[in-house]
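The lines below spell out each chain.
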Amino acid sequence: MFGMIAGFWVSRAIHAVAALEIPDLLDGSPATADQLAGKTGTQAPALYRLLRAVASVGLLTEDDKNAFTLTPLGATLRKDAPDSLHAFAVTELGGGHYRAWGDLLHSIRTGEIAFDHVHNMSIWEYFFVHNQADGQVFNKSMTELTGTVAAEVVSQYDFTPYRVIVDVGGGQGAFLSAVLRSHPNGSGVLFDAPSVIAGAAANLKAAGVADRCRTEAGSFFDSVPTGGDLYLLKWVIHDWDDADSGVILRNVRAAMTPGSRLLIVDTVVPTGDTPSPSKFIDLDMMIANGGRERTAAEFDKLVGTAGFRLERIIGTNSPSGIVECVAVD
């Protein structure tokens, strides 16, 4: 119980290490706190205490000369690591998001969004209007997390029957790129808000799919691109309550042609007291933007109100599942 209560000490220490970019500085050779202090603008004795603490949970190792070496776990906080979670650590544990978690009880007591209460603005205004540099890190964090899920989804679902795949709210293209790489004969449409889609071109080019994927800017509350054979909603529906999610789903339904399908990639909450990250992700959605994670029964009810039938749910070796839906008249 002590460890659970004090768990945020570990996460805040991880944030400090990521924000100071210690893993990048340690990539390749050991270094002492004295050597790292000058590069990070910190006080060596205090930095040593931070490094010693995170070494105790496996991010670093310390030798008999008080030099620290990066471990494979710690290497996931390198900015250029293939499986990097650096941006996620900075965003999730940074002032904006972390302060909202500090006001969890406000959401519990009132049903309101803690983030809005703490910052007097929505999370979208915070990141994309008033703190755009932080918004860029937020977008990168979503790209990082997408990489951890995309490989699982493409290994579990056959995309080859679909000629045109539309990723609605697809961010900067990491997920759609993974889908198109698994399906060389397919083409894609990446759709998101103008401020998000602006950074997608370089990612699509780097992924080698730019010649098969066009981008389109807009709001999924107004409409979505037409003509797709398969529509994707990854980590979109969980951002919104049932009323707003219904609007998004109905707009997707209106854009679909006969025979089109919809995949919702979100966590699916198990019933009862079964352990699952989805139950804490659900709290995060409640606090951050008023969204929610859903059970299979809740997905079935939600998509049914928007003109879909839930066909099946496919599990993956990640927190996210695949909710496959077909359009009905």
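Because the structure is a prediction, the values reported are computed rather than measured. (Residues numbered from 1 in each chain as written. Predicted model: local features only at pLDDT ≥ 70, side-chain atom pairs only at ≥ 80, totals over all residues. Heavy atoms only, no water.)

Peer 1: Give me the lowdown on the overall build of the protein, citing residues and values where you can.
Peer 2: Of the regular secondary structure elements, the protein holds 18 helices and 10 strands. Taking 2.2 N^0.38 as the reference for a compact globule, 329 residues should give roughly 20 Å; the C-alpha atoms of the protein span a radius of gyration of 21 Å, in line with that estimate. Principal-axis analysis of the C-alpha atoms gives the protein an extent of 70 × 50 × 40 Å. Considering only contacts in the protein between residues 6 or more positions apart, those separated by 24 or more positions represent 61%. Only carbon and sulfur atoms are counted for the fraction: they give 55% of the accessible area of the protein, which is about 15,800 Å². Measuring between centres, the 25 positive side-chain charges of the protein sit 2 Å from its 38 negative side-chain charges. (Helix = DSSP H or I, 4+ residues; strand = E, 2+ residues; numbered from the N terminus. Rg over C-alpha atoms; globule rule 2.2 N^0.38 Å. Contact = heavy atoms within 4.5 Å. Areas by Shrake-Rupley, 256 points an atom, 1.4 Å probe, with all protein chains shown as cover. Lys, Arg positive; Asp, Glu negative; His and termini not counted. Charge placed at Lys NZ, Arg CZ, Asp CG, Glu CD.)

Peer 1: Report on the environment of S56, specifying residues and quantitative values.
Peer 2: Tracing the chain through its elements places S56 in the loop between α5 (44-55) and β2 (60-62). Through-space distance from the C-alpha of S56 to that of M286 is 32 Å; in sequence the pair is 230 residues apart.

Peer 1: Summarise the packing of aromatic side chains; cite the residues concerned and give the values.
Peer 2: Within the structure shown, the criterion is met by 14 aromatic pairs. Centroid distance F8 to W9: 6.4 Å. Interplanar angle 70°. Geometry classified as edge-to-face. For F8, a relative accessible area of 44% corresponds to the partly exposed category. Judged by centre distance (6.4 Å) and plane angle (10°), the rings of Y157 and Y162 are stacked. Given a relative accessible area of 11%, Y162 falls into the buried group. Of the aromatic side chains, those joined through ring pairs into one cluster are F115, W124, Y126, F127, F128, F138, F220, F221 and W240. (Phe/Tyr/Trp six-rings, centres within 6.5 Å; stacked < 30°, edge-to-face > 60°. Buried < 20%, exposed > 50% of the residue type's maximum accessible area, 1.4 Å probe, protein only.)

Peer 1: Describe the sheet that holds strand β1 (residues 31-32), with residues and values.
Peer 2: Read across the open sheet, the three strands follow the order β1-β3-β2; overall the sheet is antiparallel. Two strands close off the open sheet at either side, each with one partner strand: β1 and β2. Here β2 runs beside strand β3 (residues 67-70); their pairing, made up of three bridges, is antiparallel. Note that in β3 the partner of L60 across the bridge is L70. Strands in contact with α5 are β2 and β3; relative to β2, the strand with the most contacts, it is inclined by about 110°. (Pairing = 2+ DSSP bridges. Axes fitted to C-alpha atoms, helices over the stretch in contact; angles between N-to-C directions.)

The values reported here are purely geometric and, on their own, carry no functional implication.
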